[in-house]
Amino acid sequence: MPGKAVGGGMGSPRIARSGLRSPRGWLFLAFLGVWLYLASQLLRLYPARVAQVLVLPVSEMRELLALSAGLGQLLFFGGLVAALWRANLAAGVSNAGIRGLAFGVAGVGILGLFEFALFLDWLGAAVNPMALFAQSPVLDTGVIAGTALAFAGLASLVVGFAQSTDLFGRRERAVAQRAAQQEESG
């Protein structure tokens, strides 16, 4: 991939990638994830009625809705992390962007691990080496940790993007230039 060096001021130099397509596909994936998560959570409010409509036992309906909500989380966080990473690559990767990618991938990976454990548990596999992960206290802890890491990754990716585009430096320079112009004219 062709790239050009981007000045980093006091920070480390960054390499901007040219020719990258916009992350529309990843954002669409995140959009689908949000709606899947929202629909699953809303349907979880009425598991008996949903189970009656779909002619399934209530316990199995709860498991299916938990699986679909977890899949929605995976799609949402995975899509946003990938889209923001693509934006960071286009603008010039900073240290915060790289750290954000690491946290984001770790969070999505943990969520994926626990979603896979829930899926194996739902299938009722005879040999399920991940059965411990599907138990409530461990599952809740894993989902909380994965969500926290994914949010930390997203925050760091946004900070990295702001640094790469010099979002805050431009304003500081503009204020300093206005102050210097006012001193000269006044």
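Residues numbered from 1 in each chain as written. Predicted model: local features only at pLDDT ≥ 70, side-chain atom pairs only at ≥ 80, totals over all residues. Heavy atoms only, no water.

## Focus: the overall build of the chain
The condition is simple: A helix here means a DSSP run of H or I that spans at least four residues, while a strand means a run of E at least two residues long, and both kinds are numbered starting from the N terminus. Exposure categories follow from relative accessible area, calculated using a 1.4 Å probe and restricted to protein chains: below 20% of the type maximum is buried, above 50% is exposed, and the middle band is partly exposed. We call two residues in contact whenever any of their non-hydrogen atoms come within 4.5 Å of each other. Method for areas: the Shrake-Rupley scheme with a 1.4 Å probe, in which residue coverage is limited to the protein chains shown.
Within the chain, the regular secondary structure consists of six helices and two strands. Starting at the N terminus and walking to the C terminus, you meet the elements of the chain as β-β-α-α-α-α-α-α. Every one of the 186 residues in the chain was classed for burial, and the buried ones make up 32%. In the chain, of all internal contacts separated by at least 6 residues, the share reaching a separation of at least 24 is 70%. When the accessible surface of the chain is split by element, carbon and sulfur atoms take 68% of a total near 11,400 Å².

## Remarks on the packing of helix H2 (residues 47–54) against helix H3 (residues 58–91)
Rules: Lines are fitted to the C-alpha atoms to define the axes, a helix being fitted only along its stretch in contact, and any angle between axes, read from their N-to-C directions, falls within 0 to 180 degrees. Just so you know how the angles are binned, under 35 degrees is roughly parallel, over 145 roughly antiparallel, 65 to 115 roughly perpendicular, and the rest oblique. Only Asp, Glu, Lys and Arg are considered charged in this grouping, and only Ala, Val, Leu, Ile, Met, Phe, Trp, Tyr, Cys and Pro are considered nonpolar; every other residue, Gly among them, is considered polar.
Running from N to C, H2 and H3 point in directions that differ by 100°, and their axes come no closer than 9 Å. Of the possible angle classes, the one that applies to H2 and H3 is roughly perpendicular. Facing H2, whose interface residues are Pro47, Ala48, Val50, Ala51 and Leu54, H3 presents Val58, Met61 and Arg62. Per-class residue counts for the contact of H2 with H3 are seven nonpolar, no polar and one charged.

## Quick look at the packing of aromatic side chains
We apply this condition: Here a Phe, Tyr or Trp ring, Trp counted by its six-membered ring, pairs with any other such ring whose centre lies within 6.5 Å, and the pair is stacked when the planes are under 30 degrees apart, edge-to-face when over 60, and tilted otherwise.
Here the structure, examined in full by the defined rule, presents four aromatic pairs. Plain terms: the ring middles of phenylalanine 119 and tryptophan 122 are 6.1 Å apart, the flat faces sit at 35° to each other, and that makes the pair tilted. Linking phenylalanine 119 with tryptophan 122, this pair stays in helix H4 (residues 95–123), spanning three residues, or about one helical turn. The class of phenylalanine 119 is partly exposed, set by a relative accessible area of 37%. Assessed through its relative accessible area of 29%, tryptophan 122 is described here as partly exposed. Chaining the aromatic ring pairs together yields one cluster made of Phe76, Phe77 and Phe151.

## What about the nonpolar core?
Let me state the cut-off plainly: Residues belong to a common nonpolar core when they are buried Ala, Val, Leu, Ile, Met, Phe, Trp, Tyr or Cys residues joined through side-chain atoms within 4.5 Å.
Listed in full, the eight residues of the largest apolar core are Leu74, Phe77, Val81, Leu84, Leu111, Ala150, Leu154 and Leu157. Elements supplying a minimum of two residues to this core: H3 and helix H5 (136–164). The biggest single contributor to this core is H3, with four residues. Non-local contacts of leucine 111, meaning those with residues more than four positions away in its chain, are made with Gln73, Leu74, Phe77, Val143, Gly146 and Thr147.

## Topic: H5
Rules: Expected span, for any helix, means 1.5 Å times one less than how many residues it has.
Taking 1.5 Å as the rise per residue, H5 with 29 residues should run 42 Å; its terminal C-alpha atoms sit 41 Å apart, in good agreement. Listed as buried for H5 are Leu139, Gly142, Gly146, Thr147, Ala150, Gly153, Leu154, Ser156, Leu157, Gly160, Ala162 and Ser164. At the exit of H5 stands aspartate 166, carrying a positive phi of roughly 55°.

## Focus: the side chain of glutamate 115
In plain terms, the rule: Under this rule, positive means Lys or Arg and negative means Asp or Glu; His and the chain ends count for nothing. For this analysis, a salt bridge means a side-chain nitrogen from Lys or Arg found within 4 Å of a carboxyl oxygen belonging to Asp or Glu. In the analysis that follows, any N or O atom pair within 3.5 Å is treated as a polar contact, provided that within protein one partner can donate a hydrogen and the other can accept it, and provided that, for residues neighboring in sequence, both atoms belong to side chains.
Inspection of the secondary structure assignment puts glutamate 115 in helix H4. The buried charged residue glutamate 115 lacks any salt bridge, with arginine 44 as its nearest oppositely charged partner at 8.9 Å. Side-chain polar atoms of glutamate 115 contact the backbone nitrogen of leucine 71, separated by 3.4 Å.

## Digging into the confidence of the model for the chain
Let me state the cut-off plainly: Known as pLDDT, the predictor's per-residue confidence is scaled from 0 to 100.
Per-residue pLDDT for the chain averages 82, and the proportion of residues at 70 or more is 82%. No element of the chain has a lower mean pLDDT than strand S1 (residues 3–6), which averages 48, and none a higher one than helix H1 (residues 24–44), which averages 92. pLDDT under 50 marks residues 4–13. Its contacts with residues more than four places away, or in other chains, come to twelve contacts.

## Considerations on the environment of alanine 106
The residue alanine 106 is located in helix H4 in this model. Between the C-alpha atoms of alanine 106 and alanine 145, which are 39 residues apart in sequence, the distance is 9.7 Å.

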